[in-house]
Each structure stands twice: as structure tokens, then as C-alpha cells.
Amino acid sequence: MVGARVAGAATAMLLARRGVRVALVDRGRYGADTLSTHALMRGGVLLLSRWGLIDQLVAAGTPPVRLTRFDYGDEEVTVAIKPVPGVDALYAPRRSLLDRVLVDAAVAAGVDVRFGVTIADLLRDDTGRVAGVHGRDRDGEPVTIRARLVVGADGIRSTVARAAGAATVHIGGSAGAVSYGYWRGLPACGYEWFYRPRHSAGIIPTNDEQACVFAGTPANLLTSADRADLRGTYHRLLAAATDGAGGRLRAAEPPTRLHTWVGQRGFIRHAHGAGWVLVGDAASYLDPLSTHGITDALRDAELLAARLTPGATAGDIDALLDEFARTRDPVVRALLRVVDRIASYSWDGAAVRRHLLELSAAMGTELDLLQTVQPPSLLEIDASHPLTGRR
């Protein structure tokens with residue numbers, strides 16, 4: 001397993017809970033922060049609850065979100081989060097918390113986790129099938145791991161995808177630029193989304209009584225002067241998108257540090273082949289305006305792990321990966337299609353309302369799919385499962 005962020009740590013944990021022997025490597029550091037808008041959608045909360053992890057996020061002070069407010073300038077709409085089994089509220093944990101909780105759960109399940117390991121290429125057997133990875137640790141020492149299945153969870157610039165030759169089968173037409181920072185003393189009713197012509201923003205309550213506040217615009221509208229003055233650009237975009245959020249921004253403490261993403265068009269890769277599979281952003285990427293990336297990663301982990309069933313023969317693995325892709329791809333395509341339209345910013349108030357309703361429907365379909373998944377019981381684990389590496 002390459003990549004110990006949300007997609008990789010969750011997939012590793014689930015496979016290990018099913019009796020699979022898993023090695024998980026990441027070039028970064030345990031508990032390090034990363035670019036993120038934090039917001040979990042219903043599907044993500046459902047899965048963390050199912051896996052027994054949501055209570056840890058709550059205990060760490062992640063505030064519950066029970067309302068979502070949409071501000072279009074000429075209209076405001078507030079929607080209550082309707083409780084469903086496994087989802088009594090939404091949450092937006094800091095990534096330094098969420099990623100650590102998932103890695104700890106993977107370790108508790110028996111995963112061999114190694115940080116500071118950079119993977120350079122894939123190993124292949126005599127038939128050309130992927131049979132492991134090799135790279136180096138922080139000290140420059142070679143690392144070789146042989147595996148019956150390599151899972152690439154290493155992000156949009158995935159080494160596994162490149163080395164496997166994963167083709168990009170769809171690429172969107174839009175790329176948004178986003179800057180965000182953490183504000184103090186900013187009251188929020190829940191998730192708050194703001195939409196204005198060529199501008200967007202969001203207020204997302206997170207840990208430590210802070211709010212993650214982002215401002216977005218089409219990436220192609222950012223000039224070199226805008227990029228040279230990111231702080232000024234952030235506050236200009238935020239003011240244009242929120243009209244000051246009713247004076248709340250002026251009264252709050254602004255961030256001392258900003259995080260900026262200058263744009264990447266959404267894409268879908270062909271996500272599996274002989275001995276390899278991709279999950280999370282390595283497999284598909286949505287513009288961050290969707291605030292759906294974490295839920296994407298958790299969904300992929302659940303759908304993949306649920307299909308790698310105990311008792312499968314080595315020859316069945318590719319068929320199981322085909323089934324994973326057939327189940328996952330319609331949901332991913334529906335999400336990318338509508339997110340690409342939202343990220344184009346080529347909408348007026350009426351059009352963005354329609355797009356958001358379509359996005360809500362796509363996320364509802366995703367939630368329905370996740371509610372039907374029946375992961376294998378631990379009592380069904382077969383020690384001869386080919387993915388365990390045991391004899």
C-alpha cells in the first residue's frame with residue numbers, strides 16, 4: 001500500500017481487519033498536516049461511524065455540523081442535516097487528526113506502517129504482472145516490498161499510476177484556485193457556502209474552536225500580481241464572495257498563514273490492472289470546491305476492501321478489481337460531471353442552484369451505494385487468502 005493518508009490508511013486498516021497482511025508506506029511524517037478543506041459529507045461520516053472511529057474525532061473536539069447554509073447573495077437557504085443511521089451530524093476534522101486516527105487504527109489492525117519511504121517504481125514478475133514496489137527510506141537505504149496486490153493511494157501525482165501506465169480516461173474542463181486559512185472567533189451555524197459570479201467561499205467549523213475559511217475563483221483569472229500577493233488576493237476574493245459574511249469576518253481574527261491550491265482539472269484514471277489498483281485522488285480527482293475529496297477516499301477504501309473477499313484465488317483478484325471499478329465508476333463520473341460545471345464558475349445564481357441540486361443527488365446515490373455494502377465478517381476470514389502472503 002503506497003500512501004498513508006486517508007485513502008491508503010483506511011484501505012490498509014480494512015484489509016488488515018479482514019485478515020490480510022498489509023504493508024503501508026508513505027514518504028511523509030506521521031501526523032503531518034496536508035492541504036484539505038476538511039468537510040466530511042454523509043458518506044464519509046457513515047463509514048467512519050461504521051468503522052468505529054467517529055467517536056475519536058468527537059472526543060478530540062471536532063464540532064458537529066447539523067445545518068448547511070447556502071448564500072447566493074440574493075437569497076439564503078439553510079438546510080438541516082437529516083439524521084440517518086450512522087450519521088447524526090457532519091464533521092470537518094483537521095487532517096493532522098483524521099489521518100492520525102486512521103493510521104493508528106491500521107496499526108491496531110496489524111498493518112506494518114513505515115513513514116519516510118519514497119517509492120520510485122513497481123516490481124514485476126516474468127509475466128509483467130505487478131509484484132511489489134521498491135524505493136528508498138529517509139537514510140537512502142533501499143526498500144523492496146513484494147506483494148500480490150499494490151494499492152496506489154499516493155495522490156494526484158501518483159507514482160503507482162505513472163509506473164503502472166494508468167491511462168487518464170476522462171479529464172474535466174475546469175480548474176479552480178482556492179486559498180484557505182484558519183480563523184478564530186468566527187461564529188458559524190454549520191457548513192456555510194457562498195456563491196457569487198466568478199467567486200465562491202466556505203466557512204467550515206473545525207477543531208480548536210477554529211473555522212477553515214476558503215475563497216475560490218477560476219484559476220485562469222489569477223494574474224501574476226494576484227499570485228505575488230496571495231494574502232491580499234485571499235481577502236479580496238473572500239470579500240467578493242461573502243460580502244463580509246454579515247460583519248462576522250471583520251470581527252474575527254484572520255489567519256496568520258494561508259494555504260493555496262492554484263488549480264488542477266478534475267480527472268478519472270483507469271484505476272486497476274494486473275496486480276495493481278488505485279484509490280482516492282490517485283484514481284480520480286474532484287475540484288476542491290466540491291469539498292468531497294475525503295469522502296471520495298473513504299468510499300474507495302470501503303468498496304475495494306469489501307470486494308477482496310477471503311477465499312478468493314489469486315486468479316480471481318483481477319475479476320474482483322473489475323467488480324470494484326464497475327461499482328465505483330458510475331458514482332465517480334456523476335460527481336465529476338457536476339463538480340466540473342460548478343468549478344467552471346460559468347453560472348449565474350439560478351444555474352448554480354441547479355448544479356448543487358444535481359450534486360446533492362449524486363451524493364445521495366453514493367450514500368445509497370455505501371449503505372448496501374456488506375463487508376465480510378471477520379468470522380469468515382480464511383488464513384489461506386492469497387492476499388495475506390501466508391502459506
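A short tour of the structure in this document, coming up. (Residues numbered from 1 in each chain as written. Predicted model: local features only at pLDDT ≥ 70, side-chain atom pairs only at ≥ 80, totals over all residues. Heavy atoms only, no water.)

The next thing to look at is the sheet that holds strand β9 (residues 168-171). Strand order in the open sheet made by the 3 strands is β9-β15-β18, with antiparallel pairing throughout. The open sheet has two edge strands with one neighbour each: β9 and β18 (284-285). In the sheet, β9 pairs with strand β15 (residues 267-269) via 3 bridges, with the strands oriented antiparallel. By the bridge assignment, T168 is partnered in β15 with R269. Along the sheet face, helix α10 (residues 317-343) touches β9, β15 and β18 and points at about 160° away from the line of β15. (Pairing = 2+ DSSP bridges. Helix = DSSP H or I, 4+ residues; strand = E, 2+ residues; numbered from the N terminus. Contact = heavy atoms within 4.5 Å. Axes fitted to C-alpha atoms, helices over the stretch in contact; angles between N-to-C directions.)

On to the sheet that holds strand β8 (residues 150-152), then. Taken in spatial order, the 3 strands line up as β8-β17-β16 in an open sheet, and their pairing is mixed. Looking at the sheet topology across the chains shown, the edges are occupied by β8 and β16 (272-273). With 3 bridges joining them, β8 and strand β17 (residues 276-278) adopt parallel strand pairing. Each bridged residue has a counterpart across the sheet, and for V150 the counterpart in β17 is W276.

Attention now moves to the pattern of salt bridges. Summed over all chains, the structure comprises 22 salt bridges. A salt bridge links E76 to R69, with the shortest nitrogen-to-oxygen separation between them at 3.1 Å. Residue E76 is classed as exposed on the basis of its relative accessible area, which comes to 52%. With a relative accessible area of 12%, R69 lands in the buried category. One salt bridge connects R341 with E358, and the closest N-O pair in it is separated by 2.3 Å. Of this pair, R341 sits in helix α10 while E358 sits in helix α11 (residues 349-372), and the two are 17 residues apart along the sequence. Each of R69, D71, E76, E192, R196, D243 and R248 takes part in a single network of salt bridges with overlapping partners. (Salt bridge = Lys/Arg side-chain N within 4 Å of Asp/Glu carboxyl O. Buried < 20%, exposed > 50% of the residue type's maximum accessible area, 1.4 Å probe, protein only.)

The subject of this paragraph is the side chain of R353. Among the structural elements, R353 can be located in helix α11. Within polar-contact distance, the side chain of R353 engages the backbone oxygen of G349 at 2.7 Å. (Polar contact = N/O pair within 3.5 Å; in protein donor to acceptor, adjacent residues only side chain to side chain.)

With respect to the secondary-structure elements, H235 resides in helix α7 (residues 230-242). With 204 residues separating them in the primary sequence, H235 and G31 have C-alpha atoms 29 Å apart.

Turning to unusual backbone geometry, a few remarks are in order. Backbone geometry places H38, a non-glycine residue, at a positive phi of 75°. Here H38 falls in the buried class, since its relative accessible area comes to 0%. Within the chain, Y345 stands out as a residue other than glycine whose phi angle is a positive 60°. Looking at where Y345 falls in the secondary structure, it is placed in the loop between α10 and α11.

Keep in mind these values describe shape, not function.
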